[in-house]
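One-letter residues, chain by chain:
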Amino acid sequence: SIYTVIDSSYKFKITDFTDQFNGPGQLISIAFSRLPVNGTLLKAGSPVVVNEIISSADLSKISYTPGGGFTGNDSIQWKISDGYNFTSNPALLMMQVVKLPETPQLTGLADNYCSNEGLQKIKIANYPDPYGLINADVRLDTVRMEINSPDSSFTFDPVNYSTGTHLMKTTF
């Protein structure tokens, strides 16, 4: 499966197709036997046609754009050619179109901190997204905070900051 975000395009990588090829020789071309129902498949900006032969050199020019506002599953099927024959069984690729959180949700964040409290742990409750499609950026004033991957948290020590107001900005 591949994942893409609602109202955005997914640009295919050659490996999206070559990973499906396990025959003799090498992948020379493909032909789509089924196009997506809930989106558009394009090659270099033009619609792909069923059974159109696409060379391996052009595979990175293929993109999928889900229909406006669509979320859910879509799929495509294609046959692979080694330059002599096309496979009899088409390869299937599922495309999952998802809506990602728009704003980070922080937990453990207090209104005030005292310099003798020691390390403070803040967690981004809705990160990472389960699809690996977004990156989070956390800054305290201008300093980028390192996000710990196992639990999506970051720490800071109030002793390192002067008395007064500071700005914490978290974006996806």
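Look above for the structure.
Once a new chain begins, its residue numbering starts again from 1 and follows that chain's sequence as written. A pLDDT threshold of at least 70 governs which residues receive local features in this predicted model, and a stricter bar of 80 or more applies before side-chain atom pairs are shown or counted, although totals over entire chains, interfaces and linings include all residues. Where side-chain values are given, they derive from all heavy atoms of the structure, hydrogens and water being excluded.

It is worth spelling out the overall build of the protein chain at this point. Helix and strand definitions follow DSSP, with helices as H or I runs of at least four residues and strands as E runs of at least two, each counted in order from the N terminus. Check the secondary structure of the protein chain and you find one helix and 15 strands. Dimensions of the protein chain, computed from the C-alpha atoms along their principal axes, are close to 75 × 35 × 25 Å. To sort residues, take the accessible area from a 1.4 Å probe on protein chains only and compare it with the maximum for the residue type: under 20% means buried, over 50% means exposed, and anything in between is partly exposed. Within the protein chain, the fraction of its 172 residues that count as buried is 33%. At a minimum sequence separation of 6, the contacts of the protein chain that also span at least 24 residues come to 64%. The accessible surface values rely on the Shrake-Rupley method and a 1.4 Å probe; as for residues, cover is taken only from the protein chains in view. Summed over all atoms, the accessible surface of the protein chain reaches about 10,100 Å², with 49% contributed by carbon and sulfur. Any pair of residues with heavy atoms lying within 4.5 Å of one another is described as a contacting pair.

Note on aromatic pairs: the rings of Phe, Tyr and Trp (six-membered ring only in Trp) are paired at centre separations within 6.5 Å, and the planes decide the class, stacked below 30 degrees, edge-to-face beyond 60, tilted for the rest. According to the stated counting rule, one finds eight aromatic pairs in the structure shown. Taking the centre distance of 6.2 Å and the plane angle of 65° together, the rings of F32 and W78 count as edge-to-face. Of this pair, F32 sits in strand 3 (residues 29-34) while W78 sits in strand 8 (residues 72-81); the two residues are 46 residues apart in sequence, bridging distant segments of the chain. Here Y113 and F156 contribute two aromatic rings whose centre-to-centre distance is 5.1 Å and whose plane-to-plane angle is 80°, an arrangement assigned as edge-to-face. Placement of Y113 in the loop between strand 10 (106-107) and strand 11 (120-124) and of F156 in strand 14 (residues 153-156) is noted, with a sequence separation of 43 residues between them. What links up through ring pairs into an aromatic cluster is the set Y10, F12, F17, F32 and W78.

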